[in-house]
There are 2 protein chains.
Amino acid sequence: MSSPSAAESFPAHTSAGSQIFTTVLSQGPLTRSEVARRAGLSAAAVTKAVRPLIEAGYLVEDVDEDARPALGRPANLVRVDGGRALFIGVKVTGDKIIGVLTDLCCRILVARYVPLAARDPKAVLGSAAELVRELLIEADGLGVRVAGLGMAVSGDVDRAEGVVRYSPFLEWRDVPLAELAAMTTGLPVTVDNDVRALTVAEQWFGAGVGLSGFALVTVGAGIGCGLVVHGKVVAGAHGVAGEIGHVAVDPAGPRCHCGNRGCVEAIASDDAIVRQVRAATGVQVADAVETAGLAHDGVAGAREVYARAGDAIGRGIATVANLLGPERVIISGEGLAAYDLFADHIRDAFATAAFGSAARCDVQTRPLPFDEWARGAAATAIQSFIRSDANQHLRGAAMTQPA
Amino acid sequence: MSSPSAAESFPAHTSAGSQIFTTVLSQGPLTRSEVARRAGLSAAAVTKAVRPLIEAGYLVEDVDEDARPALGRPANLVRVDGGRALFIGVKVTGDKIIGVLTDLCCRILVARYVPLAARDPKAVLGSAAELVRELLIEADGLGVRVAGLGMAVSGDVDRAEGVVRYSPFLEWRDVPLAELAAMTTGLPVTVDNDVRALTVAEQWFGAGVGLSGFALVTVGAGIGCGLVVHGKVVAGAHGVAGEIGHVAVDPAGPRCHCGNRGCVEAIASDDAIVRQVRAATGVQVADAVETAGLAHDGVAGAREVYARAGDAIGRGIATVANLLGPERVIISGEGLAAYDLFADHIRDAFATAAFGSAARCDVQTRPLPFDEWARGAAATAIQSFIRSDANQHLRGAAMTQPA
DNA sequence: GCCCCTTATTTTCCGCTGTCAATGAAAGAA
DNA sequence: TTCTTTCATTGACAGCGGAAAATAAGGGGC
């Protein structure tokens, strides 16, 4: 995270402190004793960590009418005051920039879009700055300060340094985006890969809450996958991880743009589906909406394409399950709009290809409005904000001893 | 780990203490300042942690003639005294039990085998106890106490509880092996899955030292894979992880015993190779040694089988690399004896199927004598021994908050 | 209404850890 | 000999988180 101004810091300097805050943030209102239990700490530690957070206004106390114990003193709920701080999340796509203003609980308050004329860093940064400016005005209207900006970009992104190493899509190489955006906007900036950002959002605020291992599979223009293992998002040694889209499920399959054959993405991405439906039906469909229309109309060729796509996705998911044993797989993305067309095939392929107990993995779907991508970016900003001072030293330390 | 006697405990009760010891153990003799650097701690902390370890005899100081700094006070090396404690590792296979006696540095001192008549827990335990008894006598001869017993079994093993949940190979279900073996032998016992045990050995004492993410792929009777992500061995939610053998690389491939088609194991395991060579050449080869012989003799059908096997393994490895971005992949196992027959194919398939920077992953081979499986078991015992008291509370704690 | 039981939360120590800054050691260099 | 440099140790210290005891806040029985 690149921080231009010495903003007021978050009052959870201890590791237990940020752990406790994170627990409350993601696991909803909780009693102190429940927090202690879930965080594996003593009740005393929770009391001590919670007080400054309440004083600073990040946590508030609620009376609980519902969930009081059958016996004994009633518990007080503690929850995050979402309105205490705002965040901006920005997602850069090929043709537009999406920006959202969220509260501390990562609820989207405002969403805005800006079309993108050019893809060079300068143009993108200019448009993003414009978008941020608009959202800052909205925030001003709410009278709450914006505590951070998160930016999500596809490709190889070095979050720690805030640098986009290589984004094939934008044709960027080694762009110090966090630094540039921090200078332009005056906000602390976090930059991360788009799928990883979405995974963070899911881990803290979505279907991944409380899980130490899960996979988020996004289906749409591309097929992506964010992985959480041992409670942390997997980043990969060379910025590559979660490339489920390029898991080859069929050596006889269609050629993929990556050069290989039979990648999941070459079979199940929007583009691939359009291409295959054209070939199978002869109809010159324009996009995924039309292909889905054909399939819904019962055109056999189109339905078969979706069947194959679902099969490929199911195999890809099974591969992840076989290798990592996640507790859950969350399927999401724009492609979900046509989910009914491949749901059964995904399920069947998964059931067939999952080995042994891996089949017990909970596979669920989750609608993903496009704004969610920007929300993911905001989630990374929230994450950085919470850890602003605390753990800073941990991040730099040599963490290569076995555990 | 199931511990029957309150054995003298390891003097590294603090997390930093065991971290420092582990660093010295796996990264060889180091100066104190170098330890501090690698462990991300202050020099003072190292001094304080090292002293009791030296007093207890687990660490010893060496004078360094070679690697002294160009300037300034010469440094003293600290290293683990392997002879301070001994460990026994036991690996159970279908027809025999392999046992090794190792020192604290996991160097094999003695290796023994016992044939196995029956596979029921009682018979296995009896044979294992016999083996352990022999090794204890050897240890007595050395005058050093055996500080722990590690047992490695294939299948779903719950290490924390010391229970074999389900081993298809042995046909065991919920066998509390650690408890049983502890009662029989009087030693503290650690039980783990065999591939994970081997991965621990590799992480602490092999080609995985210092890496926060790597994969160990074993080729032989089965195709296995141990994964280390974020510095920890991946165990999987339902005891399943690293099942690279059941990653399906070809939907048109041969039927696998798991019910699916085209699994790596159905193409590249010893059995699969024998079966395919028989089909291709008509020669009734008996085992993998003979098939390798045929291939080495230039029999085209046999060579093709190995080519396909190498291709499948390479694709499987690429899948792991695409999903996890490990820093290194270590290929090992008995199948390596015929490595020259598929090396090129593995390499080619990996290069083709690895996506983008994933191809930069370091793929290396490492001979694996069969004793190594038992050494892996010993490594888990060493790991448990070092953590005996320290961190005990960490293991039980709720570790589900996002990080 | 009073006392007892139970659970939640807070308070008060208290030990322990790891850092900091200062100091001592052990070369080689000037 | 004295300075410089790096390694190692020491002692003071701040802070964290735990244990235990105290306090809070009901419900129920009498």
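Calculation rules
- Residues numbered from 1 in each chain as written.
- Chains lettered and ligands numbered in written order.
- Predicted model: local features only at pLDDT ≥ 70, side-chain atom pairs only at ≥ 80, totals over all residues.
- Heavy atoms only, no water.
- Helix = DSSP H or I, 4+ residues; strand = E, 2+ residues; numbered from the N terminus.
- Rg over C-alpha atoms; globule rule 2.2 N^0.38 Å.
- Buried < 20%, exposed > 50% of the residue type's maximum accessible area, 1.4 Å probe, protein only.
- Contact = heavy atoms within 4.5 Å.
- Areas by Shrake-Rupley, 256 points an atom, 1.4 Å probe, with all protein chains shown as cover.
- Lys, Arg positive; Asp, Glu negative; His and termini not counted.
- Charge placed at Lys NZ, Arg CZ, Asp CG, Glu CD.
- Domains from an automatic or database assignment.
- Buried area = accessible area lost by both parts, 1.4 Å probe.
- Salt bridge = Lys/Arg side-chain N within 4 Å of Asp/Glu carboxyl O.
- Polar contact = N/O pair within 3.5 Å; in protein donor to acceptor, adjacent residues only side chain to side chain.
- Nonpolar A, V, L, I, M, F, W, Y, C, P; charged D, E, K, R; others polar.
- Near = heavy atom within 4 Å.
- Pairing = 2+ DSSP bridges.
- Axes fitted to C-alpha atoms, helices over the stretch in contact; angles between N-to-C directions.
- Expected span 1.5 Å × (residues − 1).
- Parallel < 35°, antiparallel > 145°, perpendicular 65-115°, else oblique.
- Left-handed = near helix turned anticlockwise from the far one by under 90°.
- Core = buried A, V, L, I, M, F, W, Y, C linked by side-chain atoms within 4.5 Å.

**Some points on the overall build of chain A**
When helices and strands are counted, chain A shows 13 helices and 16 strands. Taken over C-alpha atoms, the radius of gyration comes to 22 Å for chain A, in line with the 22 Å a tight globule of 403 residues would show. By principal-axis analysis of the C-alpha atoms, chain A measures approximately 65 × 55 × 45 Å. Within chain A, buried positions represent 56% of all 403 residues. Sequence-distant contacts in chain A: of pairs separated by 6 or more residues, those separated by 24 or more amount to 61%. Carbon and sulfur atoms provide 52% of the accessible area of chain A, an area that totals close to 15,600 Å². One way to put it: in chain A the 36 positive side-chain charges average out to a point 5 Å from where the 44 negative ones average out.

**Examining the domain arrangement of chain A**
The extent of an interface is frequently quoted as the accessible surface area lost upon association of the parts. All names here are of chain A. Its domain assignment divides chain A into domain 1 (15-81), domain 2 (84-200 + 372-390) and domain 3 (209-365). Computed over C-alpha atoms, the centres of domain 2 and domain 3 are 27 Å apart. For the pair domain 2 and domain 3, the two sides together bury roughly 740 Å², of which 69% comes from carbon and sulfur. Looking at the side of domain 2 facing domain 3, the largest losses of area belong to Val195, Arg196 and Thr199, adding up to 62% of the total buried there. Counting across the interface, domain 2 meets domain 3 through 0 salt bridges. Here domain 2 is connected to domain 3 by 0 residue pairs in polar contact (both at pLDDT 80 or more). The leading source of residues in the side of domain 2 that touches domain 3 is helix H6 (residues 194-205), at 5 residues. Across the side of domain 2 that touches domain 3, the residue classes tally to 4 nonpolar, 1 polar and 2 charged.

**Regarding the pattern of salt bridges**
Residues and elements named next belong to chain B. Tallying each qualifying case throughout the model produces 32 salt bridges over all chains. Across the pair Glu61 and Arg32 runs a salt bridge whose closest N-O atoms are separated by 2.7 Å. Here Glu61 is found in strand S2 (residues 59-63), whereas its partner Arg32 is found in helix H2 (residues 32-39), with 29 residues between them in sequence. The class for Arg32 is partly exposed, based on a relative accessible area of 23%. Close ionic contact of Arg328 with Asp362 constitutes a salt bridge, the shortest N to O distance being 2.8 Å. You can see Arg328 sitting in strand S15 (residues 328-332) and its partner Asp362 sitting in strand S16 (residues 362-365), a full 34 residues away along the chain.

**Focus on the protein's contact with DNA strand C**
Within the structure, DNA strand C sits among 24 residues, and Gly72 and Asn76 of chain A together with Ser42, Lys48 and Arg73 of chain B are positioned closest to it. One nitrogen or oxygen atom from the main chain of Leu71 of chain A is found 3.4 Å from a sugar or linking oxygen belonging to DNA strand C. Ser42 of chain B places a polar side-chain atom, nitrogen or oxygen, 2.4 Å from a phosphate oxygen of DNA strand C. Going through the elements one at a time, helix H2 (32-39) and helix H3 (43-55) of chain A together with helix H1 (15-26) and helix H3 (43-55) of chain B are the ones with two or more residues in the surface near DNA strand C. Here the surface near DNA strand C takes 5 residues from H3 of chain A, the largest share from any one element.

**Structural notes on the sheet that holds strand S5 (residues 96-103) of chain B**
All names here are of chain B. Pairing in this open sheet of 5 strands is mixed, and the strands run S6-S5-S4-S7-S11 from one edge to the other. The open sheet has two free edges, formed respectively by strand S6 (108-115) and strand S11 (189-193), since each of these has just one partner strand. For this sheet, the mean angle separating the axes of adjacent strands, direction not counted, is 20°. The pairing of strand S7 (residues 146-153) with S11 spans 5 bridges and is parallel. Directly across from Ala152, in S11, lies its bridge partner Asp192.

**Focus on helix H4 (residues 121-142) of chain B**
Residues and elements named next belong to chain B. Look at H4: 31 Å from first C-alpha to last across 22 residues, which is about the 32 Å you get at 1.5 Å a residue. Listing the buried residues of H4 in full gives Val124, Leu125, Ser127, Ala128, Ala129, Leu131, Val132, Leu135 and Ala139. Looking at the buried residues of H4, the elements they touch are strand S4 (86-92), S5, S6, S7, strand S10 (172-175) and helix H5 (177-185). Directly beyond the C-terminal end of H4, a positive phi value near 70° is found at Gly143.

**Looking at the protein's contact with DNA strand D**
In the vicinity of DNA strand D lie 23 residues, with Ser42 and Lys48 of chain A together with Arg51, Gly72 and Asn76 of chain B positioned nearest. Here DNA strand D approaches the protein such that, of its atoms within 4 Å, sugar and phosphate make up 67%. Between Ala16 of chain A and DNA strand D, the recorded distance is 3.4 Å, taken from a backbone N or O atom to a phosphate oxygen. At 2.9 Å, a side-chain N or O of Arg32 of chain B approaches a phosphate oxygen of DNA strand D. Sorting the residues of the surface near DNA strand D by element identifies helix H1 (15-26) and H3 of chain A together with H2 and H3 of chain B as the ones contributing at least two each. Broken down by element, the surface near DNA strand D gets its largest block of residues, 5 residues, from H3 of chain B. A class-by-class count of the residues in the surface near DNA strand D yields 9 nonpolar, 8 polar and 6 charged.

**Thoughts on unusual backbone geometry**
In terms of backbone geometry, most residues other than glycine have negative phi values and most peptide bonds are trans. Residue and element names in this part refer to chain B. At Cys106, a residue that is not glycine, the phi angle is positive and equals roughly 65°. In this fold, Cys106 is placed in the loop between S5 and S6. The exposure class assigned to Cys106 is buried, which follows from its relative accessible area of 0%. Within the chain, Asp174 stands out as a residue other than glycine whose phi angle is a positive 50°. Of note, Asp174 is situated in strand S10.

**Observations concerning the packing of helix H9 (residues 288-296) of chain A against helix H10 (residues 300-324) of chain A**
All names here are of chain A. Between H9 and H10, the shortest axis-to-axis distance is 7 Å and the interhelical angle comes to 115°. Overall, the two elements H9 and H10 adopt an arrangement that is roughly perpendicular. Here the hand of the crossing between H9 and H10 comes out left-handed. Touching Ala288, Thr291, Ala292, Leu294, Ala295 and His296 of H9 are Ala302, Arg303 and Tyr306, all from H10. In terms of residue class, the contact of H9 with H10 is built from 6 nonpolar, 2 polar and 1 charged.

**What about the side chain of Ser269 of chain B?**
Within the secondary structure, Ser269 of chain B is located in the loop between helix H7 (264-268) and helix H8 (270-281). Ser269 of chain B has contacts with Gly220, Ala221, Gly222, Ile223 and Val264 of chain B, leaving out every residue within four places of it along the chain.

**Here's the deal with the side chain of Thr22 of chain B**
Position of Thr22 of chain B among the secondary structure elements: in helix H1. From its side chain, Thr22 of chain B meets the backbone oxygen of Ser18 of chain B in a polar contact 2.6 Å long.

**As for the nonpolar core**
Counting 100 residues, the largest nonpolar core has Leu324 and Ile331 of chain A together with Leu324 and Ile331 of chain B as its most contacted members. Excluding its chain neighbours within four sequence positions, the residues that come into contact with Leu324 of chain B are Leu227, Val234, Gly236, Val240, Ala241, Gly242 and Leu324 of chain A together with Leu227 and Val229 of chain B.

**Side note on the sheet that holds strand S9 (residues 163-167) of chain A**
Residues and elements named next belong to chain A. With antiparallel pairing, the 3 strands of this open sheet are ordered in space as S8-S9-S10. Strands with a single pairing partner mark the edges of an open sheet, and in this sheet they are strand S8 (156-158) and strand S10 (172-175). Going from strand to strand, the sheet's axes swing by 15° on average, the running direction of each strand aside. One ladder, built from 3 bridges, connects S9 with S10; its direction is antiparallel. Its bridge partner being in S10, Ser167 is matched across the sheet by Trp172.

**A look at the interface of chain B and chain A**
Chain B puts 61 residues into the contact, and the matching count from chain A is 61 residues. Note on chain B versus chain A: buried area summed over both sides is about 5,100 Å², and carbon and sulfur give 60% of it. Between the two partners, chain B and chain A, sit 0 salt bridges. The interface formed by chain B and chain A holds 15 residue pairs in polar contact (both at pLDDT 80 or more) in total. For the side of chain B that touches chain A, the secondary structure elements donating two or more residues are H1, H2, helix H6 (194-205), strand S13 (223-229), strand S14 (232-233), helix H10 (300-324) and helix H11 (339-353) of chain B. It is H10 of chain B that contributes the most residues to the side of chain B that touches chain A, 6 residues altogether. Its residues placed into classes, the side of chain B that touches chain A shows 29 nonpolar, 23 polar and 9 charged.

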